[in-house]
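Below, each chain spelled out in residue letters.
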Amino acid sequence: MNFLNLKKLSLLIALGLLSLPAHAGWLDLNMPKGVTDISNEVYGLHMLILYICIVIGVLVFGAMFWSILKHRKSRGVTPATFHESTKLEFLWTIVPFAILIGMAVPATKTLIKMYDTSDAEIHIKITGYQWLWQYEYLNTDVSFYSKLSTPYKEIYNQKEKNINYLQEVDRKLVLPINKKIRFLLTSNDVLHAWWVPDLALKKDAIPGFINEMAVVIKEPGVYRGRCAELCGRHHGFMPIVIEAVEQDQYDQWLANGGKVESTDLASTEK
Amino acid sequence: MSTVVKDTHHDEHPSGIMRWLTTTNHKDIGSLYLWFALIMFFIGGLMALVIRSELFQPGLQFVDPQFFNSMTTMHALVMIFGVVMPAFTGLANWMIPIMIGGPDMALPRMNNYSFWIMPFAFSMLLSTLFMDGGAPAGGWTLYPPLSLQTGDAFPFLIFAIHFMGLSSIMGAINIVATILNMRAPGMTLMKMPLFVWTWLITAFLLIAVMPVLAGGVTMLLTDKFFGTSFFNAAGGGDPVMFQHIFWFFGHPEVYILILPSFGVVSAIIPTFARKPLFGYSSMVYATASIAFLSFIVWAHHMFTVGMPLAGEVFFMLATMLIAVPTGVKVFNWVTTMWRGAMTFETPMLFAIGFIVMFTIGGFSGLMLAITPADFQYHDTYFVVAHFHYVLVPGSIFAIMAAVYFWLPKWTGNMYPETLGKVHFWLSTFFVNLTFFPMHFVGLAGMPRRIPDYSLQFADYNMIASFGAFGFGFAQLIFVYLIVKTIRGGEKATDEVWEGAEGLEWTLSSPPPYHSFNTPPVIK
Amino acid sequence: MGTVKKLIFVCVFMFFFSFALIPLYNIICDVTGLNGNTSNLKEKVNTFSEVVSTEKLNIQFISHEVNKNKLEFKPKEFEMTISPGKVYSTLYVATNKSNSKIVGQAIPSVSPNEAAKYLKKLECFCFEEQTFKPGEVVELPLYFAIDEKMPKRIKTITLSYSFFEAIDVSKKN
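Going along each chain's sequence as written, the residues are numbered from 1 onward. Lettering of chains starts at A and numbering of ligands starts at 1, both following the order in which they are written. Local features in this predicted model are restricted to residues of pLDDT 70 or higher, and side-chain atom pairs are both shown and tallied only at a pLDDT of 80 or more, whereas totals for entire chains, interfaces and linings draw on every residue. Here the side-chain values reflect all heavy atoms present in the structure, with hydrogen atoms and water set aside.

## A short note on the sheet that holds strand β3 (residues 79–82) of chain C
By way of backbone hydrogen bonds, the strands of a sheet pair with one another, either parallel or antiparallel. Residue and element names in this part refer to chain C. Put simply, the rule is: Pairing between two strands is assigned when DSSP locates at least 2 bridges connecting them. Helix numbers and strand numbers start at the N terminus; a helix is a DSSP run of H or I with at least 4 residues, a strand a run of E with at least 2. Convention adopted: a line fitted to C-alpha atoms gives each axis, helices being fitted over their contacting stretch, and angles between N-to-C directions are expressed from 0 to 180 degrees.
The strand order across the open sheet built from five strands is β3-β1-β9-β5-β7, with neighbouring strands paired in mixed fashion. Unpaired on one side and paired on the other, β3 and β7 (130–132) mark the two borders of the sheet. The sheet shows a mean angle of 30° between the axes of neighbouring strands, taken without regard to direction. Bridge count for strand β5 (residues 102–111) against β7 is three bridges, and the pairing is antiparallel. Directly across from V103, in β7, lies its bridge partner T131.

## Quick look at the interface of chain A and chain C
Operational definition: Throughout, a residue-residue contact means that at least one pair of heavy atoms, one from each residue, lies within 4.5 Å. Take the accessible area each of two parts loses on contact, using a 1.4 Å probe, and add the two losses: that sum is the buried area. Put simply, a salt bridge is a Lys or Arg side-chain nitrogen that is within 4 Å of an Asp or Glu carboxyl oxygen.
Across the contact, 20 residues belong to chain A and 25 residues belong to chain C. Summed over both partners, the interface of chain A with chain C comes to about 1600 Å²; 51% of that surface belongs to carbon and sulfur atoms. At the junction of chain A and chain C, the tally comes to one salt bridge. With its nearest N and O atoms 3.7 Å apart, the salt bridge here joins C:K155 to A:D119.

## Concerning the environment of C:L122
Considering the arrangement of structural elements, one finds C:L122 in strand β6 (residues 119–124). C:L122 sits 34 residues away from C:Y88 along the chain, and the two C-alpha atoms are 9.6 Å apart.

## A few points about the packing of aromatic side chains
Cut-off, in case you're wondering: For this analysis, a ring pair means two rings from Phe, Tyr or Trp (six-membered ring only for Trp) whose centres lie within 6.5 Å, classed as stacked if their planes differ by under 30 degrees, edge-to-face if by over 60, and tilted for the remaining angles. Three labels apply to residues, based on accessible area from a 1.4 Å probe with only protein chains included: buried if under 20% of the type maximum, exposed if over 50%, partly exposed otherwise in between. Charge over a ring is defined by NZ of Lys or CZ of Arg lying within 6 Å of the ring centre and within 35 degrees of the ring normal.
Enumeration over the complete set of coordinates arrives at 72 aromatic pairs over all chains. Each ring, one from C:F13 and one from C:F17, has its centre 6.3 Å from the other, and the planes form 15°; the classification is stacked. Here C:F13 pairs with C:F17, and both are found in helix α1 (residues 2–32), just four residues apart, close to one helical turn. Ring geometry for C:F15 against C:F16: centres 5.6 Å apart, planes inclined by 80°, an arrangement best described as edge-to-face. Using a relative accessible area of 25% as the deciding quantity, one classes C:F15 as partly exposed. Its guanidinium or amino end placed over the ring of A:W66, A:K70 lies 5.1 Å from that ring's centre, counting from NZ or CZ.

## Section: the interface of chain A and chain B
Frequently, the measure chosen for interface size is the accessible area that the parts lose on association. Our working rule: Under the rule applied, a polar contact is a pair of N or O atoms within 3.5 Å (in protein, one hydrogen donor and one hydrogen acceptor; residues adjacent in sequence only if both atoms are side-chain atoms). Side-chain classes are defined by residue name, with Ala, Val, Leu, Ile, Met, Phe, Trp, Tyr, Cys and Pro counting as nonpolar, Asp, Glu, Lys and Arg as charged, and the others, Gly among them, as polar.
Contacts between the two partners involve 88 residues from chain A, matched on the other side by 98 residues from chain B. Carbon and sulfur atoms supply 70% of the area that chain A and chain B bury against each other, a total of about 8000 Å² over both sides. Inspection of the chain A/chain B interface yields two salt bridges. A salt bridge links A:R233 to B:D64, with the shortest nitrogen-to-oxygen separation between them at 2.3 Å. There are 29 residue pairs in polar contact (both at pLDDT 80 or more) connecting chain A and chain B. Secondary structure elements with two or more residues in the side of chain A that touches chain B: α2 (26–29), α3 (37–70), α4 (86–115), β7 (201–205) and β9 (221–227) of chain A. Here the side of chain A that touches chain B is built from residues that sort into 53 nonpolar, 22 polar and 13 charged.

## Section: the confidence of the model for chain C
Filter applied, for reference: Confidence of the predictor at the level of single residues is captured by pLDDT, which takes values from 0 to 100.
Here chain C shows a mean pLDDT of 81. Residues at 70 or above account for 85%. Confidence drops under pLDDT 50 across residues 169–173 of chain C; counting only partners more than four residues distant or on other chains, this segment forms six contacts.

## A few points about the pairing of β6(C)
All names here are of chain C. Taken across its six residues, β6 has five buried, putting it largely inside the fold. With five bridges connecting them, β6 and strand β8 (residues 137–146) associate as antiparallel partners. From the neighbouring strand, E123 faces β8, where its bridge partner is Y143.

Below, the structure is given as structure tokens:
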């Protein structure tokens with residue numbers, strides 16, 4: 001077997017292992033990078049802290065398993081008697097401390113960016129209800145409810161489930177790309193949380209109070225999210241679907257009073 | 001037959017059921033707590049299996065979403081208040097008086113009451129399953145306004161929590177009083193075994209925070225029935241305030257569930273490494289600083305409620321700080337093993353499993369501390385994976401390690417070693433099969449507490465469900481093994497383990513009903 | 001025994017401490033604007049200096065109608081450009097669409113939260129309970145100013161009112 005074949009084979013095996021659970025690739029195993037600058041930064045922080053943990057883990061578990069292999073009674077070793085070392089204790093207090101400070105700096109920087117909601121051009125009020133979302137495009141007449149559109153037959157296993165099972169809604173939230181959008185969140189009844197992983201946005205909707213967050217979406221596309229705070233019986237059944245479109249499409253959609261189905265917009269475009 | 005003579009000499013305790021109802025003996029009460037925890041472990045486990053059955057495949061198959069929510073809520077309450085806490089209290093009852101060379105707990109009569117409140121409280125809690133409107137389904141965190149939508153079960157839930165709290169507080173007071181007043185002459189604080197130390201600190205945490213929980217749920221009760229508006233925006237309250245109160249209790253509570261495990265592991269590792277514990281005093285200080293820090297990190301459970309930037313940064317930093325003393329503990333254990341002469345009996349296996357998997361849970365905890373990343377992790381299966389890693393192969397494994405470690409002492413018989421090892425390896429395999437995939441589905445976007453999910457999460461949920469059933473069945477071995485060891489087996493020596501040190505190993509196996517009536521001499 | 005007495009005291013203390021957390025939280029909120037709740041105190045005009053800042057900022061008004069079919073509750077204008085230190089006024093309009101009397105109160109919330117403590121209200125319908133007769137349309141005035149001490153980076157403030165009907169204890173179950 002020549003070198004090339006071997007390489008191919010190992011690639012196949014690797015791919016096979018990755019696709020072992022039917023349709024889960026590496027991307028499905030990890031946090032999405034998302035489509036905003038901030039979501040990319042968050043992904044970077046996530047990977048950084050993960051790698052730090054892996055390195056520490058390899059060192060600590062490495063030392064432990066080495067000791068498990070070598071320092072066992074069956075190998076006839078006599079146990080040492082040391083039980084103190086101020087130097088060591090000092091070292092492993094200071095080093096993790098330094099690592100943590102190193103970690104906190106970039107995290108704080110990202111956090112500051114996340115908290116900057118100034119100079120937004122579009123303001124949207126999101127209200128959580130048991131169990132649907134209401135979107136109001138402030139200072140326009142566009143306002144609508146958005147609820148799960150998956151048929152009951154699919155939920156109760158009488159019909160085959162479609163690919164967007166439990167992550168499809170009757171009316172999508174249409175947003176323009178490359179514009180700063182500010183969301184104001186509140187709730188009509190109990191706590192909800194509005195979460196779209198691709199935008200790295202998650203915040204609680206609290207009755208009587210408003211919360212805010214802002215986003216600039218970089219790429220057009222459909223982004224799906226969910227309610228992330230237990231809100232009762234149908235907590236698992238109030239998804240969020242965003243359609244990010246070019247500015248002119250958005251303007252057209254808004255001029256139509258948000259009535260034209262956004263999917264139609266996208267399809268006429270293509 | 002000397003023990004018989006001893007018993008009749010000291011007291012005439014009633015036999016049969018009356019013995020257990022009226023007992024004030026710390027060993028009897030310890031056993032009661034442990035049996036209670038074991039029974040509740042299976043009740044809570046059954047609830048977990050209902051959850052995992054429903055999540056086996058996408059779609060609703062077995063239960064109504066409301067009942068599903070009840071199951072997640074009740075599973076948490078039962079496992080936390082009915083399993084881990086009573087199990088540790090049971091271990092404390094059995095071991096602390098012996099370890100410090102005292103004759104019994106300081107307040108034996110109260111000890112009896114604090115146990116017998118528990119079955120009462122849990123009957124009340126479990127009875128809500130049969131009530132109109134169903135069992136509580138608002139999550140064990142009881143966040144209003146959702147928890148206020150609970151039906152008839154609500155007052156029963158609140159009173160059950162009051163009674164559990166009362167029992168824990170009484171237990172904790174007893175433990176502190178015992179440790180501070182009942183030590184044998186010469187047993188200075190810095191000579192106490194770490195299990196006693198960690199329990200002393202845990203007991204202080206309990207005394208400080210259980211009343212806060214009691215206050216918080218009382219306010220829920222008055223909000224629901226007496227028109228107060230503590231957490232109701234309409235009346236000038238704030239629902240987020242409850243979360244602050246709850247987590248002011250809740251975060252120390254998390255350490256209440258884990259600190260005694262540190263004590264157990266710190267007893268087992270040196271025994272089987274045949275080498276003294278590395279850094280005893282730094283272990284004590286690390287435990288104390290973890291306990292202190294636990295009071296200033298509560299808001300990391302609520303990063304997404306919309307706190308000011310300064311608040312988020314403060315709670316991120318404080319949370320990361322906890323990694324330092326926790327790290328010190330792990331490093332100390334590894335260094336204790338280093339250049340020892342180790343053998344790997346079942347307690348040691350569970351203790352090593354604890355260190356590895358608790359550390360994995362610690363890593364995901366560190367990741368969760370990073371606020372911007374937490375916005376993505378919060379309320380997803382990543383969090384579920386995190387706290388199950390610290391609680392199941394963490395606290396539960398430590399409890400099992402402790403049972404295997406001291407069972408020969410308690411019963412006088414050795415447990416079947418091979419079966420114990422089988423139990424360990426099956427548990428370890430299945431616990432990872434259950435909880436490791438949860439990291440992935442969480443990162444991929446699956447929220448927690450949902451009865452049904454989108455198709456991309458299907459594969460890992462199926463794996464997790466297999467794991468859960470495997471883990472559940474593996475625990476039947478544990479029950480079989482305990483019963484078998486109590487009934488008989490190879491006789492244990494007084495020392496039981498070759499490298500064992502501490503006062504408990506100077507007593508006979510099983511120890512006399514009343515031990516250390518004359519205090520032992522401490523070297 | 002001394003130890004036990006002390007420990008019981010700690011318990012009792014902590015129980016009451018949990019209740020004390022409520023006013024404590026409210027104080028912290030007032031000082032830091034933690035939850036975006038504005039102070040319900042009527043400010044006096046002379047709290048403000050005569051100097052009107054040249055800075056401009058936007059204030060938005062929104063509302064949340066808990067039961068839209070019964071009571072419509074909306075701001076008259078969505079946005080105003082204002083200068084800190086100066087007193088402005090705006091109106092909210094309430095329309096009782098039901099056949100019965102509605103009693104309730106508007107609960108304010110400000111975002112970003114830290115702006116809450118700089119928003120001073122001289123006169124507000126939110127200070128007291130409101131009663132709307134069936135079919136009635138009422139204009140509700142709000143006089144306010146922004147403290148010029150507010151950090152300059154805050155350029156947009158949103159003031160939201162959620163109108164809640166008064167809690168009737170006898171009806172509540």
